[in-house]
Amino acid sequence: MFGNPIGHSKSPMIHRSFAEQTQQDLSYEAILAPVDGFAEAWQQFVATGGKGANVTVPFKEVAFRLADHCTLRAMQAQAVNTLYIEEDGRLVGDNTDGAGLVADLIRLGASLEGAKVLILGAGGACRGVIGPLLTAGVAVVHVANRSVDKALLVAGDFNAQVSGSGFADIPKQPWTLVINATSAGLHGSRPDIDESHLSHCELAYDMLYGTEPTAFLMWAQQSGVKCIADGLGMLVSQAAESFQIWRGITPAVTPVLNKLQELMQQ
Ligand code: ATR
């Protein structure tokens, strides 16, 4: 896994647990690459026998540009979180973040078929999940962002099922799933949207995770949303998708998620 910083990465523990569970001989390390030196770090990794890797902040976009071939979902995301080398030597870039979110929503019992989805935030985290949500059968996705132009730009890259606006202009619709893809929670705050948008919300989801519920999730709960969830399940599920790509085996997510949740409560 390449990132910067990598100090608190849970990915090595997750992948080692998957390897143990499926009896795969796998070595998975966190590699701190210089902010402007991802390509060199990757080349060094391959030269020393590396076959595939995850890529995280801030290298997802540069990995997308480095790959010889990208999957559709990586192209939609314009970012890569999973790299591997094909037998013919080509470097393939994929993005398992959206599939990880969809798998987690299904684990949580959300009904995706026909769902009306409101996504808050229009950065990389949002872009990566729209395609997989549409493939999973949601009816509409509305992207609302603090800076309107970014929301419109992202929405414009998808079909007519996807629209965009600022926080103050969110259409009045019965949003059944509200997903926070902003980084506001890192600073203890939440996107400033009207509470009325939560009136039909069956599940409020924050892509961030931590030892405590985020400000967005606490607000959603106080506003009467019955089911709230943070992004820890998405983290484990996107890792399971990557593991499947590299090893052809789908590991079980729940035991690893339970273990992580336990560790985080200590
Ligand atoms: P990522 O790639 O993880 O999505 P990013 O590209 O930096 O990260 O995007 C962060 C997102 O969080 C953006 O949508 C940002 O809104 P702006 O485009 O208006 O900057 C949003 N964001 C960050 N802090 C926020 C806050 N306090 N309230 C609302 N939105 C916030």
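The structure displayed is predicted, hence computed values, not measured ones.

Engineer: Run through the overall build of the protein chain, naming residues and quoting values.
Structural biologist: Across its full length, the protein chain carries 10 helices and 12 strands. Over its C-alpha atoms the protein chain spans a radius of gyration of 18 Å, differing by no more than 12% from the 18 Å that the globule rule assigns to 266 residues. Sorting the 266 residues of the protein chain into buried and exposed places 49% on the buried side. Within the protein chain, residue pairs in contact and separated by at least 24 positions form 64% of the contacts whose partners lie at least 6 positions apart. Just so you have it, the protein chain exposes about 12600 Å², and 51% of that area is on carbon and sulfur atoms. When the 17 positive and 26 negative side-chain charges of the protein chain are each reduced to one mean point, those points stand 2 Å apart.

Engineer: Account for the packing of aromatic side chains, with residues named and values stated.
Structural biologist: Tallied over the entire structure, the rule returns 8 aromatic pairs. For the pair Phe2 and Trp42, a centre-to-centre distance of 6.0 Å together with 55° between the ring planes defines the contact as tilted. Of this pair, Phe2 sits in strand E1 (residues 2-3) while Trp42 is found in helix H2 (residues 38-47), placing the two residues 40 residues apart along the sequence. This pair shows no difference in class: Phe2 is buried, exactly as Trp42 is. Ring geometry for Tyr28 against Trp246: centres 6.3 Å apart, planes inclined by 50°, an arrangement best described as tilted. Of this pair, Tyr28 sits in the loop between helix H1 (11-22) and strand E2 (31-32) while Trp246 is found in helix H9 (residues 232-247), placing the two residues 218 residues apart along the sequence. Its end group placed over the ring of Trp219, Arg190 keeps NZ or CZ at 4.0 Å from the ring centre.

Engineer: Requested: an account of the site of the ligand, with residues and values cited.
Structural biologist: Looking at the ligand, there are 14 residues lining it, with Gly124, Asn145, Arg146, Ser147 and Lys150 nearest. Between the ligand and the protein, one listed contact pairs an oxygen atom with a side-chain N or O atom of Arg146 at 2.9 Å. The contact in question runs from an oxygen atom of the ligand to an N or O atom on the side chain of Ser147, over 2.5 Å. For the ligand, whose free accessible area comes to 650 Å², the fraction covered by protein is 70%. Here the residues of the shell around the ligand are counted per class, giving 4 nonpolar, 8 polar and 2 charged.

Engineer: How would you explain the packing of H9 against helix H10 (residues 254-265) if you had to name every residue and give the values?
Structural biologist: At their nearest, the axes of H9 and H10 sit 10 Å apart, and the two run at 140° to each other. In terms of orientation, H9 lies oblique with respect to H10. Seen from above, H9 lies across H10 with right-handed handedness. The residues of H10 that touch H9, namely those facing Leu232, Gly233 and Val236, are Val256, Leu257, Leu260, Gln261 and Met264. Of the residues contributing to the contact of H9 with H10, the split by class is 6 nonpolar, 2 polar and no charged.

Engineer: Lay out the domain arrangement of the protein chain in plain terms, naming residues and giving numbers.
Structural biologist: Frequently, the measure chosen for interface size is the accessible area that the parts lose on association. You can read the domains of the protein chain as domain 1 (2-95) and domain 2 (98-232). Each of domain 1 and domain 2 has a C-alpha centre, and the two are 26 Å apart. Opposite the 6 residues of domain 1 that make contact, domain 2 presents 9 residues. Both sides together, the interface formed by domain 1 and domain 2 hides about 580 Å², and carbon and sulfur atoms give 54% of it. Linking domain 1 with domain 2 are 0 salt bridges. Class assignment of the residues belonging to the side of domain 1 that touches domain 2 gives a composition of 1 nonpolar, 3 polar and 2 charged.

Engineer: Provide a residue-level description of the environment of Lys172, including the pertinent values.
Structural biologist: By the element assignment, Lys172 lies in the loop between strand E9 (162-166) and strand E10 (177-180). Remark: the alpha-carbon pair of Lys172 and Ser196, spanning 24 residues in sequence, is separated by 8.3 Å.

Rules and cut-offs
- Residues numbered from 1 in each chain as written.
- Predicted model: local features only at pLDDT ≥ 70, side-chain atom pairs only at ≥ 80, totals over all residues.
- Heavy atoms only, no water.
- Helix = DSSP H or I, 4+ residues; strand = E, 2+ residues; numbered from the N terminus.
- Rg over C-alpha atoms; globule rule 2.2 N^0.38 Å.
- Buried < 20%, exposed > 50% of the residue type's maximum accessible area, 1.4 Å probe, protein only.
- Contact = heavy atoms within 4.5 Å.
- Areas by Shrake-Rupley, 256 points an atom, 1.4 Å probe, with all protein chains shown as cover.
- Lys, Arg positive; Asp, Glu negative; His and termini not counted.
- Charge placed at Lys NZ, Arg CZ, Asp CG, Glu CD.
- Phe/Tyr/Trp six-rings, centres within 6.5 Å; stacked < 30°, edge-to-face > 60°.
- Lys NZ or Arg CZ within 6 Å of the ring centre and 35° of its normal.
- Near = heavy atom within 4 Å.
- Polar contact = N/O pair within 3.5 Å; in protein donor to acceptor, adjacent residues only side chain to side chain.
- Nonpolar A, V, L, I, M, F, W, Y, C, P; charged D, E, K, R; others polar.
- Axes fitted to C-alpha atoms, helices over the stretch in contact; angles between N-to-C directions.
- Parallel < 35°, antiparallel > 145°, perpendicular 65-115°, else oblique.
- Left-handed = near helix turned anticlockwise from the far one by under 90°.
- Domains from an automatic or database assignment.
- Buried area = accessible area lost by both parts, 1.4 Å probe.
- Salt bridge = Lys/Arg side-chain N within 4 Å of Asp/Glu carboxyl O.

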